[in-house]
Amino acid sequence: MTIKLHVFPLSPRAFKVMWAANHLGIVFEPVLVDFSKGAHRTPEFAGRNPNMRMPVLEDGGYVLWESNAILQYLAAQKPAAELLPEDIKARLQIVKWQFWDSAHWDPACAIFAFENYVKQLFQRGEPDAREIARGEEMFARLAPVLDGELQRHRYVAGESLTLADFSLGAMNFIAEQAKFPLESYRGIQRWAADLKSLPSWQKTAAEAPAILQQR
Ligand SMILES: N[C@@H](CCC(=O)N[C@@H](CS)C(=O)NCC(=O)O)C(=O)O
């Protein structure tokens, strides 16, 4: 049975799971969650994810929400790709970054994404300067941590591509629209360019507009 990914394809969290599936060569059916029609607030959708948020994975009767958990499920389908190694010490070096993404990086980026991108996309007014300042403060503490790692290594968890890059790297899908303050972070910029040159990134970005056409 084909895996279904319920997504709003312009979101970096949706991009994250579709990109990983494409990278692993996992065939999936993208199902549009049309935010403009409130599709995530229907009882049917809430039955899959009571948080009423996407992305959601469905594999037969198995349902999973939280993008970083979905990444682990996808990686487990293709262990030979070693995006999440079996060895516990090596594995936790990657899982650590996934937690860091959910706890710190994603919420900081989400401020810029909402103020500079989502508000414009859904005509919800002008960016709030106080919120942007709050985002900048969070960014100033977090970005040097990620940048430091990427100055020392090619990828987030070392010299090979892992789930840590998918978790943290997907935000680069909207870096320009969201106006993340990345100017002084050379390591992050070099890494983002590397990720964007991957065939799986380009395939995912190219397919996003067609998913929106399911409207
Ligand atoms: N931590 C969750 C976040 C999911 C999330 O917040 N998704 C947003 C879109 S990017 C959503 O569905 N929002 C619907 C709403 O706010 O009503 C994940 O990584 O999957």
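Residues numbered from 1 in each chain as written. Predicted model: local features only at pLDDT ≥ 70, side-chain atom pairs only at ≥ 80, totals over all residues. Heavy atoms only, no water.

**Section: the pairing of strand β4 (residues 62-65)**
Line of reasoning, step 1. Direction of pairing for strand β3 (residues 56-59) relative to β4: antiparallel, over a ladder of four bridges. Its bridge partner being in β4, L57 is matched across the sheet by L64.
Line of reasoning, step 2. Where β3 folds back on β4, the antiparallel hairpin that results is connected by two residues, among which G60 adopts a positive phi of roughly 65°. (Pairing = 2+ DSSP bridges. Helix = DSSP H or I, 4+ residues; strand = E, 2+ residues; numbered from the N terminus.)

**Comments concerning the site of the ligand**
Line of reasoning, step 1. Contacts to the ligand come from S11, R13, F35, H40, R41, M52, R53, M54, P55, E66 and S67.
Line of reasoning, step 2. R13 places a side-chain nitrogen or oxygen 3.1 Å from an oxygen atom of the ligand.
Line of reasoning, step 3. For the ligand, a nitrogen atom lies 2.9 Å from a polar atom in the backbone of M54.
Line of reasoning, step 4. Burial of the ligand by the protein chains amounts to 76% of its free accessible area of 520 Å².
Line of reasoning, step 5. In this structure the site holding the ligand corresponds to the largest pocket. (Near = heavy atom within 4 Å. Polar contact = N/O pair within 3.5 Å; in protein donor to acceptor, adjacent residues only side chain to side chain. Areas by Shrake-Rupley, 256 points an atom, 1.4 Å probe, with all protein chains shown as cover. 1 Å grid on protein atoms, 1.4 Å probe; cavity = no way out; pocket = protein on both sides within 12 Å on 5 of 7 lines; lining within 4 Å. Sits in = over half its atoms within 2 Å of the grid points.)

**Considering the side chain of H6**
Line of reasoning, step 1. The topology assignment puts H6 in strand β1 (residues 3-7).
Line of reasoning, step 2. Overall, the relative accessible area of 4% leaves H6 in the buried class.
Line of reasoning, step 3. Side chain to side chain, H6 and E58 meet in a polar contact 2.7 Å long. (Buried < 20%, exposed > 50% of the residue type's maximum accessible area, 1.4 Å probe, protein only.)

**Notes on the domain arrangement of the protein chain**
When the parts of a complex come together, some accessible area is lost, and that lost area is often taken as the interface size.
Line of reasoning, step 1. Taken domain by domain, the protein chain holds domain 1 (3-82 + 200-212) and domain 2 (88-198).
Line of reasoning, step 2. On a C-alpha basis, the centres of domain 1 and domain 2 stand 19 Å from each other.
Line of reasoning, step 3. Counting from both sides, the interface comprises 22 residues of domain 1 and, opposite them, 24 residues of domain 2.
Line of reasoning, step 4. Taken together, both faces of the contact between domain 1 and domain 2 bury some 2,000 Å²; the carbon and sulfur share is 67%.
Line of reasoning, step 5. Contact with domain 2 buries surface across domain 1, with P12, W19 and W201 losing the most and accounting together for 30% of the total.
Line of reasoning, step 6. On inspection of domain 1 and its partner domain 2, the count reaches two salt bridges. (Domains from an automatic or database assignment. Contact = heavy atoms within 4.5 Å. Buried area = accessible area lost by both parts, 1.4 Å probe. Salt bridge = Lys/Arg side-chain N within 4 Å of Asp/Glu carboxyl O.)

**Overview of unusual backbone geometry**
Line of reasoning, step 1. The step from M54 to P55 runs through a cis peptide bond, and the omega angle for that step is 5°.
Line of reasoning, step 2. You will see that E66, though not glycine, has its phi angle at about 85°, which is positive.
Line of reasoning, step 3. The class of E66 is partly exposed, set by a relative accessible area of 45%.
Line of reasoning, step 4. With a phi angle near 60°, K179 is a residue other than glycine that sits in the positive phi range.

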